[in-house]
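Tertiary structure, described
Each chain is listed here by its residues.
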Amino acid sequence: MNVRTNRWLLGLAMSVSVVALAACGNQGDEAKPKESSAAAEQSPGADSAQDQQGKPNTKDIPKVVAEVNGEKILKDDFVPLFETQYQQMQMQAQQSGQPVDEKGLKKQTVENLVSTEVLVQEADKRKIDVSDKDIDKGLKESAKSGQMSEKDFLKAMKDQGMDEENVRSELKNQLKIEGLVEDEYGEFEVSGEEIGQAYEQAKSQQEQMAQQGGQGQQEMPPIEDMRPQLKEQVKNQKSQEATQKFAKKLRKQADVTIHL
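Residues numbered from 1 in each chain as written. Predicted model: local features only at pLDDT ≥ 70, side-chain atom pairs only at ≥ 80, totals over all residues. Heavy atoms only, no water.

Across the interface, helix α6 (residues 132–145) lies against helix α8 (residues 164–185) with an axial gap of 10 Å and an inter-helix angle of 105 degrees. Of the possible angle classes, the one that applies to α6 and α8 is roughly perpendicular. Across the interface between the two elements, D132, D134, I135, D136, G138 and L139 from α6 touch V167, R168, L171, K172 and L175 from α8. By residue class, the composition of the contact of α6 with α8 is 5 nonpolar, 1 polar and 5 charged. (Axes fitted to C-alpha atoms, helices over the stretch in contact; angles between N-to-C directions. Helix = DSSP H or I, 4+ residues; strand = E, 2+ residues; numbered from the N terminus. Parallel < 35°, antiparallel > 145°, perpendicular 65-115°, else oblique. Contact = heavy atoms within 4.5 Å. Nonpolar A, V, L, I, M, F, W, Y, C, P; charged D, E, K, R; others polar.)

Structure, rendered in structure tokens:
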């Protein structure tokens, strides 16, 4: 199987990197993914719902959070992902001032796990193979994306509640899903027009960020210099959209029970 950059674990790599930087640079602040100190202000019992590190309350999570075609998704699968996303939301909340919707995040997390499960089950039906070499390569790419050594990345993931076995298992599932989407839809083509649109969008975002930060705008590199990255970005967007579409289709055909 041809390993592509794994978006889920790369995103996780970036999140743990940001969380680590925030913790080092501002130990007085709580970690701030989507929900932050703003969440603590949102209800009287919020302090008891979080520990000192800003983790959400997971005591009420059932042992089996969902069942998909007879396969159980366990609390142990749910909690590490939920807590990592919660930290990301806390960080965003400290920046935006918006409280975290913990209930909504629980629902989103379990829905993501159900989508992953239906896709993995379909990949297994089609005998989509992922080797240990594929996983090793994906792990190296994830660590590199988080600007960490592989050892530091695995340590950061362990601090998030995911040991190496969990990380490798999640990465294997995501690589299976990428293989499944490629098997279903083929290789995604990217036109020159789409690259141009992506370039203009990046340019516009840079201008907005410069205005919001009150800084002088940096000059955008020529489109030719950015063409490879823009092409990969558009490909990834198409792949993500196709993955969501396919998961939705499989979900309708699956026997799903959610216990949250």
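The N-to-C vectors of α6 and helix α7 (residues 150–159) enclose an angle of 85 degrees; their axes lie 9 Å apart at closest approach. Taken together, the axes of α6 and α7 lie roughly perpendicular to each other. Contact residues: L139, K140, S142 and A143 in α6; E150, F153 and L154 in α7. For the contact of α6 with α7, the per-class residue count stands at 4 nonpolar, 1 polar and 2 charged.

Here the focus is the nonpolar core. V65, I73, F78, L119, F153 and V167 are the most contacted members of the largest nonpolar core, which totals 44 residues. At 8 residues, the largest contribution of residues to this core is made by helix α5 (residues 102–125). Apart from residues lying up to four places away in sequence, L119 is in contact with I177, L180, T243, F246, A247 and L250. The next biggest cluster of nonpolar side chains, apart from the first, holds 8 residues, and it includes V190, A198, M220 and L230. (Core = buried A, V, L, I, M, F, W, Y, C linked by side-chain atoms within 4.5 Å. Buried < 20%, exposed > 50% of the residue type's maximum accessible area, 1.4 Å probe, protein only.)

Next up on the list: unusual backbone geometry. Positive phi outside glycine occurs at N69, with the angle close to 50 degrees. Following the sequence through the fold, N69 ends up in the loop between β1 (64–68) and β2 (71–74). Its relative accessible area of 41% is what places N69 among the partly exposed residues. You will see that K127, though not glycine, has its phi angle at about 60 degrees, which is positive.

This paragraph deals with the packing of aromatic side chains. Under the criterion given, the structure shown has 4 aromatic pairs. Between F82 and Y86 the ring centres are 6.3 Å apart and the planes differ by 50 degrees, which places this aromatic pair in the tilted class. Here Y86 and F82 lie together in helix α4 (residues 75–96), a separation of 4 residues that amounts to about one turn. When the centroid spacing of 6.1 Å and the interplanar angle of 85 degrees are considered together, the rings of Y185 and F246 count as edge-to-face. Here Y185, found in helix α8, pairs with F246, found in helix α10 (residues 223–253); they are 61 residues apart in sequence, far enough to count as distant. According to the relative accessible area criterion, Y185 is partly exposed, its value standing at 31%. Among the residues examined, F246 registers a relative accessible area of 3% and is labelled buried. (Phe/Tyr/Trp six-rings, centres within 6.5 Å; stacked < 30°, edge-to-face > 60°.)

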